[in-house]
Amino acid sequence: MAGNGEFSFGSNGNAANGGGVENGNGGLPKIQTHKNGVCHDGTAPTVKAQTIDELHSMQKKRSNPTTPSKGAEGAFALSEEDRQKQQLQSISASLASLTRETGPKVVKGEPQIKGSSTDAQKVHHHAPNFNNSDSALKFTHVLYNLSPPELYEQAIKYENGSFLSSSGALATLSGAKTGRSPRDKRVVKDETTEDELWWGKGSPNIEMDGHTFMLNRERAVDYLNSLDKVFVNDQFLNWDPEHRIKVRIVSARAYHSLFMHNMCIRPTPEELEDFGTPDFTIYNAGKFPCNRYTHYMTSSTSIDIHLARKEMVILGTQYAGEMKKGLFSLMHYLMPKRQILSLHSGCNMGKEGDVALFFGLSGTGKTTLSTDHNRLLIGDDEHCWSDNGVSNIEGGCYAKCIDLSREKEPDIWNAIKFGTVVENVVFDEYTREIDYTDKSVTENTRAAYPIEYIPNAKIPCVGPHPKNVILLACDAFGVLPPVSKLNLAQTMYHFISGYTALVAGTEEGVKEPRATFSACFGAAFIMMHPTRYAAMLAEKMQKHGATGWLVNTGWSGGSYGSGNRIKLPYTRKIIDAIHSGSFLNASFSKTEVFGLEIPNEIEGIPAEILEPKNSWKDKEAYNETLLKLGGLFKKNFEVFASYKIGKDNKLTEEILAAGPIF
Ligand SMILES: Nc1ncnc2c1ncn2[C@@H]1O[C@H](COP(=O)(O)OP(=O)(O)O)[C@@H](O)[C@H]1O
Ligand SMILES: C=C(OP(=O)(O)O)C(=O)O
Ligand SMILES: [Ca+2]
Ligand SMILES: [Mn+2]
């Protein structure tokens, strides 16, 4: 039986399971050999290729469009060749330096590296892809709207710190910056924006002049053009077809391109054919810093918005959220000009069509609570409220993953699969399993996935007018009730205040909660004065009869240190009760200081936690903490006291009276 022929390692595909390998004599597995002792592979069908090159050329094929391409219709339609040419011209125009006569010569696809990659590395040991062409002679290679698998290959091949995780997600590092840099955000102040935007104390818009913007733009464009290749994404914002915005993102990394692929709305191949000129362009130079000798620059990071030029430049940060939130700022300018309210909120819809908005600062639960297995997800972070109802601005979600658990957040857990970008997580070197508890790189670990990765996403991501407006606060002082019903004036008061208090980073050794007030629950992203958005919200809530709620997703039974964070299942029960309308027949009591209406009971929740006072053992400490927080609210609201909100003076007065009283 153990013949004398040559070994054949399963050429007919059955060596492993066809009894060929078994523990026979001497403990060594027997290896199947062919009866006649000659190695051949006659039983397997042969490949229809004569050479290796031919075989490889067969591996990839071009997919057919789902509907006939527009090019085929009508006598005036463009040929495919002309369309491609126009597209390259448009990209060249985007990448044009404004001080030279023409844009760069752009070609689609990856630059060819001569010889094998190992040869190239041997020759140029320190700079494998060293590019020695002057910029005037060089071609800019454009990787245009690549698919996720192609972007994976690019990232894993060329970008340090990019790995495949065990669930199929792409694990990446965002570099030195693991969060946004609000102090480095600049907006060009010109004749128009001087009057239109919110400037000065409290405003997120730090000014710069047009000339300085051009210096930074030139720097970013020159850097991008000096690379072997750049990534270009053409995508959409806003699921409301009447108010869809076309955006182009030029970036240096596959990670950035995949991130935006997931986060913006993905055009169909047919929509991409008709894309034309973008409404707004981002130049993301990532790690390449700004020049600190440049006027207005206070660090080597700069995120610059020029509304008149419809452009944004990013220098000196690779944190991808900067692009997402930069576009959100843009929408906070464009949409209100069309009488549409832009919202930093999550949004979902019940089976009966009841829509809820979830406002809140970072970490308060917008993503977690809008992702609800019993409801349809419209979006987790950025929405518009127009006369047509609500629409998501984005095509994806951006979830925090610190301490993520399969049990508590199954839908988010399952969304972290092939196509998803996970940032700054730590994983096992061998199994590539992510350890979601590991904060070694940052506490702000993130996952960006297309919204359809959530099983009950509502596609298209639009819905009718909201029924409930839920304001989330993570109150680490532990004095705000887990839930209270708000009247319109209170809703506006808390919306303008935009309160949350998280615990400061443990590394600083600070154990005290720190209060944050951020107007409209997103002061970092609004462009006009907060009262402008507040007035629109009041008007819409009134018109469509929406009810306001304040939900504390933070501490109970004491401040951070003595109490505990309210359990997520309790918060979910509270949210369920809001959605179901069961609260509307409940009895309420009014709290001291904040004057909040709290329900006396909710099925499935211990009654004593509903009134924070009852959950604190130390009543004196409770009163002290309550007054302290009330004082912080009052102080924060002082700047708004001199503003009129909306057309109605009565509402302004009511809002001022809706704050804490003591
Ligand atoms: N009671 C609670 N309600 C909401 N989130 C909670 C609660 N307890 C703990 N968490 C955690 O707090 C975080 C909320 O973050 P996230 O939903 O991403 O906020 P946002 O989208 O508003 O930035 C999640 O990590 C979630 O697991
Ligand atoms: C991306 C962000 O969103 P959030 O933390 O609200 O989910 C952010 O604020 O940087
Ligand atoms: Ca946010
Ligand atoms: Mn979120």
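Conventions adopted
- Residues numbered from 1 in each chain as written.
- Chains lettered and ligands numbered in written order.
- Predicted model: local features only at pLDDT ≥ 70, side-chain atom pairs only at ≥ 80, totals over all residues.
- Heavy atoms only, no water.
- UniProt positions renumbered as here; feature names shortened; annotations may be inferred.
- Helix = DSSP H or I, 4+ residues; strand = E, 2+ residues; numbered from the N terminus.
- Buried < 20%, exposed > 50% of the residue type's maximum accessible area, 1.4 Å probe, protein only.
- Axes fitted to C-alpha atoms, helices over the stretch in contact; angles between N-to-C directions.
- Parallel < 35°, antiparallel > 145°, perpendicular 65-115°, else oblique.
- Left-handed = near helix turned anticlockwise from the far one by under 90°.
- Contact = heavy atoms within 4.5 Å.
- Nonpolar A, V, L, I, M, F, W, Y, C, P; charged D, E, K, R; others polar.
- Pairing = 2+ DSSP bridges.
- 1 Å grid on protein atoms, 1.4 Å probe; cavity = no way out; pocket = protein on both sides within 12 Å on 5 of 7 lines; lining within 4 Å.
- Points joined across faces, edges and corners; volume = space filled by probe spheres on them.
- Patch = residues over 30% accessible without salt bridge, like charges linked within 9 Å, V, L, I, M, F, W, Y side chains within 5 Å.
- Areas by Shrake-Rupley, 256 points an atom, 1.4 Å probe, with all protein chains shown as cover.
- Salt bridge = Lys/Arg side-chain N within 4 Å of Asp/Glu carboxyl O.
- Near = heavy atom within 4 Å.
- Polar contact = N/O pair within 3.5 Å; in protein donor to acceptor, adjacent residues only side chain to side chain.

- The protein appears in an unreviewed UniProt entry as phosphoenolpyruvate carboxykinase (ATP) from Kingdonia uniflora.
- Quoted verbatim from the Subcellular location (unreviewed entry) field of UniProt, the annotation for the protein is "Cytoplasm".
- Quoted verbatim from the Sequence similarities (unreviewed entry) field of the UniProt record, the comment on the protein reads "Belongs to the phosphoenolpyruvate carboxykinase (ATP) family."

1. Structural notes on unusual backbone geometry
Then, number 1: Cis rather than trans, the peptide bond between Ile459 and Pro460 has omega equal to -5°.
Then, number 2: Notably, Asn238 is not glycine yet its phi reads approximately 80°, a positive angle.
Then, number 3: Within the element layout of this structure, Asn238 appears in the loop between strand E7 (229-237) and strand E8 (245-251).
Then, number 4: With a phi close to 60°, Cys520 is a non-glycine residue in the positive phi region.
Then, number 5: Along the polypeptide, Cys520 turns up in the loop between strand E26 (513-517) and helix H13 (530-544).
Then, number 6: On the basis of relative accessible area, Cys520 is assigned to the buried category, the value being 5%.

2. So, the packing of helix H4 (residues 148-158) against helix H7 (residues 254-263)
Then, number 1: Running from N to C, H4 and H7 point in directions that differ by 155°, and their axes come no closer than 8 Å. The orientation of H4 relative to H7 falls into the category roughly antiparallel. Where H4 crosses over H7, the handedness of that crossing is left-handed. On the side of H4, the interface is formed by Pro148, Leu151, Tyr152, Gln154 and Ala155, while H7 contributes Ala254, Ser257, Leu258 and His261.
Then, number 2: Residues of the contact of H4 with H7, tallied by class, amount to six nonpolar, three polar and no charged.

3. Regarding the pairing of strand E11 (residues 311-315)
Then, number 1: The buried fraction of E11 is high, at five of five residues.
Then, number 2: As paired elements, strand E9 (residues 280-284) and E11 share four bridges and run parallel to each other. Paired with Asn284 across the two strands is Ile314, which belongs to E11.
Then, number 3: In terms of strand pairing, strand E10 (residues 302-306) meets E11 through five bridges, oriented antiparallel.

4. Section: the sheet that holds strand E4 (residues 170-172)
Then, number 1: Strand order in the open sheet formed by five strands is E3-E4-E18-E21-E17, with mixed pairing between adjacent strands. In this open sheet, the two edge strands, each paired with only one partner strand, are strand E3 (163-164) and strand E17 (396-400).
Then, number 2: Summarising the sheet, E17 and strand E21 (residues 446-450) pair through five bridges and their orientation is antiparallel. Paired with Cys397 across the strands is Tyr449, a residue of E21.

5. As for empty space enclosed by the protein
Then, number 1: Enumeration according to the criterion identifies three cavities of 30 Å³ or more in this entry.
Then, number 2: By volume, the largest cavity is sized at about 50 Å³.
Then, number 3: In terms of lining residues, the largest cavity is bounded by Leu237, Met260, Met263, Cys264, Lys324, Leu327, Phe328, Glu382, Ile393 and Glu394.
Then, number 4: When residues of the lining of the largest cavity are traced back to their parent elements, those giving at least two are H7 and helix H9 (321-337).
Then, number 5: Classifying every residue of the lining of the largest cavity gives seven nonpolar, no polar and three charged.

6. Focus on a nonpolar patch on the surface
Then, number 1: Residues Val47, Ile52, Leu55 and Met58 make up a contiguous nonpolar surface patch of roughly 370 Å² in combined accessible area.
Then, number 2: Summarising the element assignment, Ile52 is placed in helix H1 (residues 52-59).

7. Some thoughts on the sheet that holds strand E1 (residues 105-108)
Then, number 1: The strand order E1-E2-E7-E8-E9-E11-E10-E5-E6 describes an open sheet built from nine strands, whose pairing is mixed. Since the sheet does not close on itself, it has two edges, and those belong to E1 and strand E6 (206-208), each with one partner. Taken pair by pair, the neighbouring strands of this sheet meet at an average axis angle of 25°, ignoring direction.
Then, number 2: Inspection of the sheet shows E7 paired to E8 by seven bridges, in the antiparallel sense. By the bridge assignment, Asp234 is partnered in E8 with Arg248.

8. Brief notes about the site of ligand 1
Then, number 1: If you check the shell around ligand 1, you find 16 residues, and the closest are Gly363, Lys366, Thr367, Thr368 and Ile566.
Then, number 2: A distance of 2.8 Å separates an oxygen atom of ligand 1 from a polar atom in the side chain of Thr367.
Then, number 3: Expressed as a share of its isolated accessible area of 570 Å², the protein-covered part of ligand 1 is 89%.
Then, number 4: Broken down by secondary-structure element, the contributors of at least two residues to the shell around ligand 1 are helix H10 (366-370) and helix H14 (568-580).
Then, number 5: Considering every element that reaches the shell around ligand 1, the biggest residue donor is H10, with three residues.

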